[in-house]
Amino acid sequence: MKTNKYEIDMCNGSIMDKLISFSLPLMLSSVLQLMFNAVDIIVVGHFNGSDALAAVGSTTALISLLTNLFIGISLGANVLAARYQASGRDREMSEAVHTSIALALVSGIAMAFIGVAVSALALGLMDTPANVIGQATVYMRIYFCGMPFFMLYNYGAAILRAVGDTKRPLVFLMAAGLANVILDLLLVIVIPLGVAGVAIGTVTSQMISSLLVLRCLWKSEGSYQFRFSRLTLKWSYMKRIFGVGIPAGIQSTVINFSNVLLQSSVNSFGSTAMAGYTAANNILSFLYVSINAVTQACMSFTSQNYSVGKQKRMDRVLADCALLSAGVSVVLGVGAYVFGGQVLRIYTTDAEVIQCGIEILSITTVPYFLCGIMDLFPGALRGMGHSAVPMLLSVIGTVGTRIIWIYGFFPQHRSLFFLFISYPGSWLVTILMQGVCFWFVRKKCIRQLNMRRV
């Protein structure tokens, strides 16, 4: 039930306009966050050279590998909160919120210690070149010191998304991102701290965004109001959060493991290719977060409608999300393909680095709509409370295909273009498996909903 102007009634009325109303602010939030993060890459690329650019970029896959398990668990918090919101279970909603925030704080502190401890070793295992590894280690260690803030923001924003509020997190990220840009310029150009400067700017912006989202939950008058005195770790809620979130987190972590393997293959071409991959991967990230906003909408809308037994509306949600995701990804993918060279020049003026980036974008951008369709099926299944099997299929389809490609075919055809053919290939394989899985789970859910009505 909608109780204020920021919430969205996901269970009644038209669907597409509400999906857009939900997805667009989330999409803009993610794009703005990437733009502000891109400032890190642009500033060090222009003022500290390609080695510094490669150092920052070489940490991306590894940071994602180490953090995505806990970020994935926040999806479980989103699904649980969405169900309680739709069914009007205020006490359970409040206890789930406070368990989620406590879990975010504990996991953030744990990740800070783990990240600082393993950064140098992990970068060494990835064959990071000697001229890059020192700066990359500094960046990673400072970045991980901000993990408690990073986790608090992600879990707090997941709760707001569960009630349909994606607008205020957008405002919070704008404020934090502007601080990041100002600090990057100050700590790299005025005070020449190099990669350490951009890492400090990132941690500070994460602190700002987390404080703003906690303040929002504190001032809320709804069942998701937050109070420090009510922080708790109740196993009954953690179990439900983990049931959806851990498979999602494992899926994301293992997929990022395949990206770490891919990063290692890119590293074998040297720092120029690494810098080109850093810039190209940042462009691909804009595509991913745009379609991921639609996936998040699919999960939240499906979860709320599942809790009140509206199967036909769940089907319409998935169909409308597929249209929206395909439309967004085709427009952005073709745009990135056509204007890729010009966009890469924003990151660097090195012609060889730009050429490496173009080679990667030429095979990954236009078919990116496949990635969007691939993610929608697991999003809908998580909304229905089924997360383990979609996780397993994503790991087999995406990671398995890429590992076979990297170790079976790539050594005989060593080029960046051939290496990155593994992206669309793995998307196609995974779509086929997830589609079959969704068909069977949907039949099971229809039976369960019919039994609930009897």
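Preceding this paragraph is the structure being described.
Residues numbered from 1 in each chain as written. Predicted model: local features only at pLDDT ≥ 70, side-chain atom pairs only at ≥ 80, totals over all residues. Heavy atoms only, no water.

Student: I'm lost on empty space enclosed by the protein in this one. Help?
Tutor: Picture a little ball the size of a water molecule; that probe, rolled over the atoms, points out where space is still empty. Within the structure shown, the criterion is met by two cavities of 30 Å³ or more. Lining the second largest cavity we find Thr 302, Gln 311, Met 314, Asp 315, Leu 318, Ala 380, Met 384, Phe 438 and Arg 442. When residues of the lining of the second largest cavity are traced back to their parent elements, those giving at least two are α11 (311-347) and α16 (422-453). Counting residues per element, the lining of the second largest cavity draws most heavily on α11, at four residues. Residue composition of the lining of the second largest cavity, by class: five nonpolar, two polar and two charged. (1 Å grid on protein atoms, 1.4 Å probe; cavity = no way out; pocket = protein on both sides within 12 Å on 5 of 7 lines; lining within 4 Å. Points joined across faces, edges and corners; volume = space filled by probe spheres on them. Helix = DSSP H or I, 4+ residues; strand = E, 2+ residues; numbered from the N terminus. Nonpolar A, V, L, I, M, F, W, Y, C, P; charged D, E, K, R; others polar.)

Student: I keep staring at the packing of helix α4 (residues 90-125) against helix α5 (residues 130-145) and nothing clicks. Help me out?
Tutor: Helix packing for two helices is described by the angle between their axes and how far apart those axes are. Their axes nearest at 8 Å, the elements α4 and α5 cross at an angle of 165°. The pairing of α4 with α5 is recorded here as roughly antiparallel in orientation. The chirality of how α4 crosses α5 is right-handed. Residues Met 111, Ala 112, Gly 115, Val 116, Ser 119, Ala 120, Leu 123 and Gly 124 of α4 pack against Ile 133, Ala 136, Thr 137, Met 140, Arg 141, Phe 144 and Cys 145 of α5. Tallied by class, the residues present in the contact of α4 with α5 amount to 10 nonpolar, four polar and one charged. (Axes fitted to C-alpha atoms, helices over the stretch in contact; angles between N-to-C directions. Parallel < 35°, antiparallel > 145°, perpendicular 65-115°, else oblique. Left-handed = near helix turned anticlockwise from the far one by under 90°. Contact = heavy atoms within 4.5 Å.)

Student: Looking at this structure, I do not really get the packing of aromatic side chains. What am I missing?
Tutor: Each aromatic ring pair is summarised here by two numbers: the centre-to-centre distance and the angle between the ring planes. In total, this model carries 16 aromatic pairs according to the counting rule given. Between Tyr 368 and Trp 427, the ring centres sit 5.0 Å apart and the planes meet at 75°, which makes this aromatic pair edge-to-face. With Tyr 368 in the loop between α12 (351-364) and α13 (369-383) and Trp 427 in helix α16, the pair connects residues that are 59 residues apart, well separated along the chain. Measuring from ring centre to ring centre gives 5.6 Å for Phe 377 and Phe 438, while their planes differ by 45°; the resulting arrangement is tilted. Of this pair, Phe 377 sits in helix α13 while Phe 438 is found in helix α16, placing the two residues 61 residues apart along the sequence. A residue is classified by how much of its surface remains accessible, and Phe 377, at 18% relative accessible area, is buried. Since its relative accessible area comes to 11%, Phe 438 is described here as buried. Members of the aromatic cluster, each reached through a chain of ring pairs, are Tyr 277, Tyr 368, Phe 420, Tyr 423 and Trp 427. Arg 227 extends its terminal NZ or CZ atom over the ring of Trp 218, reaching a point 4.1 Å from the ring centre. Between the NZ or CZ atom of Arg 402 and the centre of the ring of Tyr 423, over which it lies, the distance is 4.4 Å. (Phe/Tyr/Trp six-rings, centres within 6.5 Å; stacked < 30°, edge-to-face > 60°. Buried < 20%, exposed > 50% of the residue type's maximum accessible area, 1.4 Å probe, protein only. Lys NZ or Arg CZ within 6 Å of the ring centre and 35° of its normal.)

Student: Looking at this model, I keep getting lost on a nonpolar patch on the surface. Mind explaining?
Tutor: Where nonpolar side chains cluster on the molecular surface, the patch consists of Leu 185, Leu 186, Ile 189, Val 190, Ile 191, Leu 193 and Ile 200 and spans about 550 Å² of accessible area. Ranked by residues supplied to the nonpolar patch, first place goes to helix α7 (residues 167-190) with four residues. Positionally, Ile 189 belongs in helix α7. Owing to a relative accessible area of 40%, Ile 189 belongs among the partly exposed residues under this scheme. (Patch = residues over 30% accessible without salt bridge, like charges linked within 9 Å, V, L, I, M, F, W, Y side chains within 5 Å. Areas by Shrake-Rupley, 256 points an atom, 1.4 Å probe, with all protein chains shown as cover. Salt bridge = Lys/Arg side-chain N within 4 Å of Asp/Glu carboxyl O.)

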